[in-house]
Amino acid sequence: MYVQQASKSKCKVAIKPLELENTKEPPLNLYKPKGPYTASIVSVERIVGPKAPGETCHIVIDHGGNVPYWEGQSYGVIPPGENPKKPGAPNTVRLYSIASTRYGDSFDGRTASLCVRRAVYYDPETGKEDPSKKGICSNFLCDSKPGDKIQITGPSGKIMLLPEDDPNATHIMIGTGTGVAPFRGYLRRMFMEDVSSFKFGGLAWLFLGVANTDSLLYDEEFTNYLQQYPENFRYDKALSREQKNKSGGKMYVQDKIEEYSDEIFKLLDDGAHIYFCGLKGMMPGIQDTLKRVAEQRGESWHQKLSQLKKNKQWHVEVY
């Protein structure tokens, strides 16, 4: 309830402890698979509507301030039980992008949030769910109850860190499904929290691709930012089962990128950062679209991509 009220308020939320702003380097691998940290589940909430294909949950974890992280990093989760491929050994680590700022949803630096889609398997011949092939970790997380213990590792990752040296920079964020997780953290830091060392005055532009309206994640938060900061935030949705692209096919994020390609390329030329997060299968379609647009503009996408990587404007995390 407090988080919902905060997201609707024009006043930014006070955060603590302020020492979390003092570190010059991101924390990395404080806890490893052989020595994980035992955290606790605070809450598990289904965050999609009844017509969404599949179930996605927002999971808040209490780490007691002992596993600090930066926006854009990931936690590893070791689900209970033994590894089916290595009898007697624990399950392997699954990585999840953190969906909150370093202060967590309670703004006190003690929690982290994950956005998890329950992985289930349907037999293509019978059309029935096969529980023996369901995702071990995602189902453990989505079935967790407040107070349950959870083994976490990390934090890990530097490629998706939010560059804050220029508070007036442009950030173009492209995500599919639970790939929205790091972007939720960025946007809360930019628009919800009162961060004395980072006063965002640039442009944040989010492209989110999901199946339908019921599948939208954190839509209320993002819509509130749009109302409160119309000069600093743009929000475009690609709903593949409800919208059509210009060719009459399903609308995917790459179609939205093509729709705004002139503007996006100009922003990239001016130094914008671009981020991609989601399933690995999202990237070929996006890369093909960017390549086609570049060629239509008389540019070499290979050269442009090399320059973006060299300038550290290109950030990709897929799974």
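Everything numeric in this text was worked out from a predicted model, so none of it was measured.

K.L.:
Can you tell me about the sheet that holds strand 13 (residues 314-318), naming the residues and giving the values?
P.N.:
Sheet strands associate in pairs through backbone hydrogen bonding, adopting either a parallel or an antiparallel arrangement. Strand order in the open sheet formed by five strands is 11-10-8-12-13, with parallel pairing between adjacent strands. Of all the strands in the sheet, just strand 11 (233-239) and strand 13 have a single pairing partner and so form its edges. Direction aside, neighbouring strands of the sheet carry axes that sit 10° apart on average. Taken together, the five bridges between strand 12 (residues 273-278) and strand 13 define a ladder with parallel strand orientation. If you follow Gly 278 over to strand 13, its bridge partner there is Val 318. Helix 3 (residues 181-192) contacts strand 8 (170-176), strand 10 (203-210), strand 11 and strand 12 of the sheet and is inclined by roughly 145° relative to strand 8.

K.L.:
Explain the UniProt feature "binding site: NADP(+)" (unreviewed entry) in the chain to me, and be specific about the residues and the numbers.
P.N.:
The UniProt record marks Ser 97, Arg 117, Thr 178, Ser 240, Arg 241, Lys 250, Gly 278, Leu 279 and Glu 317 with the feature "binding site: NADP(+)" (unreviewed entry), using the residue numbering of this structure. A maximum C-alpha distance of 27.2 Å is found for the annotated residues, which run over 221 residues; spatially they are spread out rather than grouped. Along the polypeptide, Lys 250 turns up in the loop between strand 11 and helix 5 (253-259). Residues in contact with Lys 250, not counting those within four places in the same chain, are Ser 240, Gln 243, Asn 245 and Asp 255. With respect to the helices and strands, Leu 279 occurs in the loop between strand 12 and helix 7 (282-296).

K.L.:
How would you explain the nonpolar core if you had to name every residue and give the values?
P.N.:
Of all hydrophobic cores here, the largest spans 39 residues; its most connected members are Leu 187, Met 190, Phe 191, Phe 222 and Phe 233. Elements represented by at least two residues in this core include exactly helix 3, strand 10, helix 4 (219-228), strand 11 and strand 12. Among the elements that take part in this core, helix 3 stands out by supplying seven residues, more than any other. Built from parts of two domains, this core gets at least three residues from each of domain 1 (19-156) and domain 2 (170-318). Not counting chain neighbours up to four residues away, the residues in contact with Phe 191 comprise Lys 12, Phe 200, Ala 204, Tyr 225, Tyr 229, Asn 232 and Phe 233. By size, the runner-up hydrophobic cluster in this structure holds 26 residues, among which are Leu 203, Val 253, Ile 286 and Trp 301.

K.L.:
Let's hear about helix 6 (residues 261-269): which residues, and what values?
P.N.:
Along helix 6, the residues that are buried comprise Ser 261, Ile 264, Phe 265, Leu 267 and Leu 268. For helix 6, the arc enclosing every buried residue in end-on projection is 160°, short of the 170-degree limit, so these residues lie on one face. In helix 6, the exposed residues that point more than 90 degrees away from the buried face are Asp 262 and Lys 266. Those residues of helix 6 that are buried are in contact with strand 8, strand 10, helix 5, strand 12, helix 7 and helix 8 (301-310). With its phi angle positive at about 105°, Gly 271 sits one or two positions after the end of helix 6.

K.L.:
A description of the environment of Met 283 should follow, citing residues and the corresponding values.
P.N.:
Mapped onto the secondary structure, Met 283 falls in helix 7. For Met 283, a relative accessible area of 9% puts it in the buried group. For the pair Met 283 and Lys 12, spaced 271 residues apart in the sequence, the C-alpha separation amounts to 35 Å. If near-sequence neighbours (up to four positions away) are discounted, Met 283 is found in contact with Phe 276, Trp 314, Val 316 and Val 318.

K.L.:
If you had to explain unusual backbone geometry to someone new, which residues and values would you point to?
P.N.:
With an omega of -5°, the peptide bond running from Lys 16 to Pro 17 counts as cis. Position of Pro 17 relative to the elements: it lies in the loop between strand 1 (13-14) and strand 2 (37-46). Note the cis peptide between Gly 154 and Pro 155, where omega equals 0°. The topology assignment puts Pro 155 in strand 7 (residues 149-156). The backbone of Tyr 218 sits at a positive phi, close to 60°, despite the residue not being glycine.

Conventions we followed
Residues numbered from 1 in each chain as written. Predicted model: local features only at pLDDT ≥ 70, side-chain atom pairs only at ≥ 80, totals over all residues. Heavy atoms only, no water. Pairing = 2+ DSSP bridges. Helix = DSSP H or I, 4+ residues; strand = E, 2+ residues; numbered from the N terminus. Axes fitted to C-alpha atoms, helices over the stretch in contact; angles between N-to-C directions. Contact = heavy atoms within 4.5 Å. UniProt positions renumbered as here; feature names shortened; annotations may be inferred. Core = buried A, V, L, I, M, F, W, Y, C linked by side-chain atoms within 4.5 Å. Buried < 20%, exposed > 50% of the residue type's maximum accessible area, 1.4 Å probe, protein only. Domains from an automatic or database assignment. Arc of directions from axis to C-beta.

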